[in-house]
Amino acid sequence: MPKDSYLVGLIGSGIGPSLSPALHEREADRQGLRYVYRLIDIDTLGVPPEAVGDLVRAARELGFDGLNITHPCKQQVIRHLDALAPQAEALGAVNTVVFEEDGRAVGHNTDVTGFAASFARGLPDAPLERVVQLGAGGAGAAVAHAMLTLGAERVTVVDAMPERAAALADSLNRHFGEGRALAATPGRLAELLARADGLVHATPTGMAAHPGLPFPAALLHPGLWVAEVVYRPLETELLGTARALGCATLDGGGMAVFQAADAFRLFTGREPDSARMLADIAELAGAVPAPK
């Protein structure tokens, strides 16, 4: 029988602005749970990402039920866990750790399922023959896995660090089959977008701290759908520009909500109300003005 009291946390760098505590605690309040969500910021603690193993061990000893893990610890944490769920193993990244009753620490990845659920809800009829993804970091790896899981025929990964794009494409091809993913440099973005069905944007550009467009607006065209990972603000300059052209768009709020909902379910064994959490993120993220 599920408990009615939970202690969870988030380990990462610069996580003060995170909306995860509010998303989790609001849903827990509605379900009548005592639920405390703590931020464990390695910058505040003055420790390197390699200390994540010590932090996980300390959380387990202190009676935490689970942890969310974010940049830059999603890969570092893996060697400190007892087991990995298949999705986390395939991705090579963990964003959720559950401390099970037998004491084992099990790693999951709800970024993949979160983006997939958001995309299926927000762009259900989007063509998926040729998808371009800008960004091959931690979020990029998750959303590329999600796109191929959703049935994208081919994802071309573009990143300012060519070796990072190539490594992600190689990993995707090993998992999904040869030829499903390609790597390209930013210099090819214009020609790729001209022929693409859609664009997934998975870089920090557009965040409140990094305003602006990730590439010239002239590369967008009305036949393109545009999906965003950034959720603070919900309306990035990229989405606003794309929508003005007539593009179908998807903001990053859905991914934030559905990954949080999946983590909540793993932590508590209870079913979250995603619709209520989507209303929460609209209210919480809406407090951050879009960059001019």
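Further up the page is the structure itself.
Residues numbered from 1 in each chain as written. Predicted model: local features only at pLDDT ≥ 70, side-chain atom pairs only at ≥ 80, totals over all residues. Heavy atoms only, no water.

Caption draft 1: Structural detail: the pairing of strand 2 (residues 34-41). With eight bridges connecting them, strand 1 (residues 5-12) and strand 2 associate as parallel partners. Bridging across to strand 2, Gly12 finds its partner in Asp41. For the crossover that starts at strand 1, traverses helix 1 (residues 20-30) and ends in the parallel strand 2, the hand is right-handed. (Pairing = 2+ DSSP bridges. Helix = DSSP H or I, 4+ residues; strand = E, 2+ residues; numbered from the N terminus. Right-handed = clockwise from strand over helix to strand, strands pointing away.)

Caption draft 2: Summary view of helix 11 (residues 274-285). Over its 12 residues, helix 11 runs 16 Å from end to end, which matches the ideal 16 Å to within 8%, given 1.5 Å per residue. For helix 11, the side-chain oxygen to backbone nitrogen distance between the N-cap and Ala275 is 3.1 Å, and the N-cap itself is Asp273. (Expected span 1.5 Å × (residues − 1). Polar contact = N/O pair within 3.5 Å; in protein donor to acceptor, adjacent residues only side chain to side chain.)

Caption draft 3: Layout of the pattern of salt bridges. One pass over the full model with this rule turns up 19 salt bridges. Ionic pairing is found between Glu27 and Arg276, a salt bridge with its closest N-O pair at 3.1 Å. Pair noted here: Glu27 is in helix 1 and Arg276 is in helix 11, with a separation of 249 residues, a long-range link. One salt-bridge network, in which partners are shared between bridges, spans Arg26, Glu27, Arg30, Asp273, Arg276, Asp280 and Glu283. (Salt bridge = Lys/Arg side-chain N within 4 Å of Asp/Glu carboxyl O.)

Caption draft 4: Representation of the sheet that holds strand 6 (residues 105-108). Strand order across the open sheet formed by six strands is 2-1-3-5-6-4, with mixed pairing between neighbours. Strands at the two margins of the open sheet, each flanked by one partner only, are strand 2 and strand 4 (83-84). Examined bridge by bridge, strand 4 and strand 6 share two bridges and lie parallel to one another. Residue pairing in the sheet places Leu84 in a bridge with Gly107 of strand 6. The strands touched by helix 1 are strand 2 and strand 3 (66-69); relative to strand 2, the strand with the most contacts, the crossing angle is about 170°. (Contact = heavy atoms within 4.5 Å. Axes fitted to C-alpha atoms, helices over the stretch in contact; angles between N-to-C directions.)

Caption draft 5: Representation of the side chain of Lys74 within the structure. Here Lys74 is to be found in the loop between strand 3 and strand 4. The class of Lys74 is buried, set by a relative accessible area of 13%. Polar side-chain contacts of Lys74 include one of 2.7 Å to the side chain of Asp111. When sequence neighbours within four positions are dropped, the list of residues in contact with Lys74 reads Ile69, Ala93, Val94, Asn95 and Asp111. (Buried < 20%, exposed > 50% of the residue type's maximum accessible area, 1.4 Å probe, protein only.)

Caption draft 6: Representation of the sheet that holds strand 11 (residues 225-228) within the structure. Taking strand neighbours across the sheet as the criterion, the six strands line up as 9-8-7-10-11-12 in an open arrangement whose pairing is parallel. Single-partner strands in this sheet number two, and they are strand 9 (181-184) and strand 12 (249-250). In this sheet, strand 10 (residues 198-201) lies alongside strand 7 (residues 130-134) in parallel orientation, the contact comprising four bridges. Among the inter-strand pairings, Val132 is bridged to a residue of strand 10, identified as Leu199. Helix 7 (residues 162-176) contacts strand 7, strand 8 (154-158) and strand 9 of the sheet and is inclined by roughly 175° relative to strand 9.

Caption draft 7: Highlighting the packing of helix 6 (residues 138-149) against helix 7. Interaxial distance between helix 6 and helix 7 falls to 11 Å at its minimum, and their mutual angle equals 35°. Crossing angle aside, the handedness with which helix 6 passes helix 7 is right-handed. Between helix 6 and helix 7, the contacting residues are Gly140, Ala141, Ala144, His145, Leu148 and Thr149 on the first element and Leu168, Ser171, Leu172, His175 and Phe176 on the second. (Left-handed = near helix turned anticlockwise from the far one by under 90°.)

Caption draft 8: Local environment of the packing of helix 10 (residues 253-268) against helix 11. Closest axis-to-axis distance for the helix 10/helix 11 pair is 9 Å, and the angle between their directions is 135°. One way to sum up the angle between helix 10 and helix 11 is to call them oblique. Pair helix 10 / helix 11 crosses with right-handed handedness. Every residue of helix 11 that contacts helix 10 at Gly253, Gly254, Ala256, Val257, Phe258, Ala260 and Ala261 is listed here: Ser274, Met277, Leu278 and Ile281. Residue composition of the contact of helix 10 with helix 11, by class: eight nonpolar, three polar and no charged. (Parallel < 35°, antiparallel > 145°, perpendicular 65-115°, else oblique. Nonpolar A, V, L, I, M, F, W, Y, C, P; charged D, E, K, R; others polar.)

Caption draft 9: Structural context of the environment of Gly286. With respect to the helices and strands, Gly286 occurs in the segment after helix 11. Its relative accessible area of 53% is what places Gly286 among the exposed residues. Separated by 51 residues in the primary sequence, Gly286 and Glu235 have C-alpha atoms spaced 8.7 Å apart.

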